[in-house]
Amino acid sequence: MNKIKMCSGKGQYATERNNALETITWAKIVDMAEEPKAEDKQYARWLIPSTHLSRKFKEQEQQGSFHLLWADLDEKVPDITVVSEIVGAIVGDVEYLVYLTTSATQDNPKCRILIPLSHALEPKQWQICQEILNNFLEENGLIPDRASQRCGQLCFLPNRGQYYDFVHAFKSGDQHLDPLNKFEAHFQAILDQEKQAELAAQLKINEAKCKRKERMQKGYDSPIDWFNQHHSVEEILIDNGYDQRGISFRHPNTESGSYSASIDPATGRVHSLSSSDRLYTEG
């Protein structure tokens, strides 16, 4: 694990377009936590915990190979020792790192959590394990930033602010987390939920297609009524380039990779949280 090279860069403008992407190892990250530099965030080093060198979300979703789980805590964070105890209770006797961010204060010790893995995860596996980790943190009274569940989300690495501290927990033998084993039941439950939601959506699409075929010869007073009878909202979204994950959808112009759209079951209307989505209506 210590020698695996993961995607990294310095500053938010470092991308593959300007040939500014680099690699970083877990051993180097631990060194940074122990002796952090004090750099402006625009020049600070970040990580995408994948060996695929790209900041493009869709590329990471298709080609990424992930070696760390991570979490970002920004709101109402307790002392770092409390956070470390909670992480230890979740993952067990394995190595992990908790460090304060540059904006941390004594009253609000914002921090990040990094957990190296015993083996690489495929993108879909990694996203689910990230979701499970955030769920566990939430159940223990912490408030994780769910953006960490996106494959291309940047995780800024240790960087000394006015108030800095870290905890590096490890056992002899370099034991690392096997999330597919540790989170097995929760992992399968999420897979089942997503499959059920996708099957239900496909059923609605198939029903709409059947109605369309059966009623093509029937007249309607309103073309809107005709259209609604013959097309499901799910089908329209997918036909227009939206990607589906469970009950959520991602619009084709996304830059963040977030599944930010959903269908209100009561009204059948699409609700999108992304301002770059053509269906966004400011809430």
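Residues numbered from 1 in each chain as written. Predicted model: local features only at pLDDT ≥ 70, side-chain atom pairs only at ≥ 80, totals over all residues. Heavy atoms only, no water.

**Student:** Would you mind going over the environment of Leu 273 with me for this structure?
**Tutor:** Relative to the elements of secondary structure, Leu 273 occurs in the segment after strand S12 (270-272). On the accessibility criterion, Leu 273 (64% relative accessible area) is exposed. Measuring from C-alpha to C-alpha, the distance between Leu 273 and Asn 159 comes to 31 Å, with 114 residues separating the pair along the chain. In this structure, Leu 273 is in contact with Ser 260 and Tyr 280, ignoring residues within four places of it in sequence. (Helix = DSSP H or I, 4+ residues; strand = E, 2+ residues; numbered from the N terminus. Buried < 20%, exposed > 50% of the residue type's maximum accessible area, 1.4 Å probe, protein only. Contact = heavy atoms within 4.5 Å.)

**Student:** What is the right way to look at the sheet that holds S12 in this model?
**Tutor:** Backbone hydrogen bonds hold the strands of a sheet together, and the pairing may be parallel or antiparallel. Pairing is antiparallel across the open sheet formed by 4 strands, whose spatial order is S9-S10-S11-S12. One side of each edge strand has no neighbouring strand; the edge strands of this open sheet are strand S9 (243-245) and S12. Ignoring strand direction, the axes of neighbouring strands in this sheet form an average angle of 30°. Relative to strand S10 (residues 248-250), S9 runs antiparallel, the two being bridged by 3 bridges. Residue pairing for S10: Asp 243 is matched across the bridge by Arg 250. (Pairing = 2+ DSSP bridges. Axes fitted to C-alpha atoms, helices over the stretch in contact; angles between N-to-C directions.)

**Student:** For this particular structure, what's the right way to read the environment of Ile 247?
**Tutor:** Here Ile 247 is to be found in the loop between S9 and S10. Residues Ile 247 and Ala 200 lie 47 residues apart in sequence; the distance between their C-alpha atoms is 9.3 Å. Apart from residues lying up to four places away in sequence, Ile 247 is in contact with Ala 197, Ala 261 and Ser 262.

**Student:** Looking at this structure, I do not really get the pairing of strand S3 (residues 45-48). What am I missing?
**Tutor:** The side chains of a regular strand alternate between both faces of the sheet. Residues of S3 alternate between two faces, with Arg 45 and Leu 47 on one and Trp 46 and Ile 48 on the opposite face, all of them buried. When strand S1 (residues 6-10) meets S3, the two strands line up antiparallel, connected through 4 bridges. Along S3, the bridge assignment pairs Lys 10 with Arg 45. As paired strands, S3 and strand S7 (residues 155-156) are joined by 2 bridges and run antiparallel to one another. Within S7, the residue paired with Trp 46 across the bridge is Phe 156.

**Student:** What should I look at first to understand the pattern of salt bridges in this one?
**Tutor:** Under the criterion given, the structure shown has 8 salt bridges. For Glu 194, the salt bridge is made with Lys 124, and the minimal N-O distance between the two is 2.5 Å. Highlighted residues: Glu 194 in helix H6 (residues 184-215) and Lys 124 in helix H4 (residues 123-139), separated in sequence by 70 residues. Here the residues in one salt-bridge network are Lys 58, Glu 61, Asp 243 and Arg 250, joined through shared partners. (Salt bridge = Lys/Arg side-chain N within 4 Å of Asp/Glu carboxyl O.)

**Student:** I tried to follow the pairing of strand S5 (residues 96-100) on my own but got confused; where do I start?
**Tutor:** Where burial is concerned, most of S5 is hidden: 5 out of the 5 residues are buried. Of the two faces of S5, both are covered, the one formed by Tyr 96, Val 98 and Leu 100 as well as the one formed by Leu 97 and Tyr 99. The pairing of S5 with strand S6 (residues 111-121) spans 4 bridges and is antiparallel. Residue pairing in the sheet places Leu 97 in a bridge with Leu 114 of S6.

**Student:** Is there a simple way to explain unusual backbone geometry in this structure?
**Tutor:** Trans is the common state for peptide bonds, and a negative phi is the common state for residues other than glycine. Even without being glycine, Asn 19 reaches a positive phi, approximately 55°. Take Asn 19: it is sitting in the loop between S1 and strand S2 (22-24). For Lys 76, which is not glycine, the phi torsion reads 50° and is therefore positive.

**Student:** Got a minute to help me understand the sheet that holds S3 in this structure?
**Tutor:** With antiparallel pairing, 4 strands are arranged side by side in an open sheet as S2-S1-S3-S7. The sheet is open, and its two edges are formed by S2 and S7, each paired on a single side. Across the sheet, helix H1 (residues 26-34) lies against S1, S2 and S3, angled at about 75° from S2, the strand it touches most.

**Student:** Where do I start with H4 in this structure?
**Tutor:** Each full turn of the α-helix corresponds to 3.6 residues, which orients residues three or four apart in the same direction. For H4, built from 17 residues, the straight-helix expectation of 24 Å at 1.5 Å per residue is met to within 8% by its first-to-last C-alpha distance of 24 Å. For H4, the full list of buried residues reads Pro 123, Trp 126, Gln 127, Ile 128, Cys 129, Gln 130, Ile 132, Leu 133, Asn 134, Phe 136 and Leu 137. (Expected span 1.5 Å × (residues − 1).)

**Student:** Explanation requested: the nonpolar core in the structure shown.
**Tutor:** Looking at soluble globular proteins, one finds that nonpolar side chains tend to be buried together. Of all hydrophobic cores here, the largest spans 51 residues; its most connected members are Ile 29, Leu 69, Ile 113, Leu 114, Ile 115 and Leu 137. Taken together, the elements giving at least two residues each to this core come down to H1, strand S4 (66-73), helix H3 (80-91), S5, S6, H4 and H6. If one sorts the elements of this core by residue count, H4 sits on top with 7 residues. Discounting residues that sit within four places of it in the chain, Ile 115 has contacts with His 67, Leu 68, Leu 69, Val 87, Val 91, Glu 95, Tyr 96, Leu 133 and Leu 177. Membership of the second largest hydrophobic core comes to 8 residues, among which are Ala 14, Ala 44, Ile 48 and Leu 154. (Core = buried A, V, L, I, M, F, W, Y, C linked by side-chain atoms within 4.5 Å.)

What is shown is where atoms sit, not what they do.
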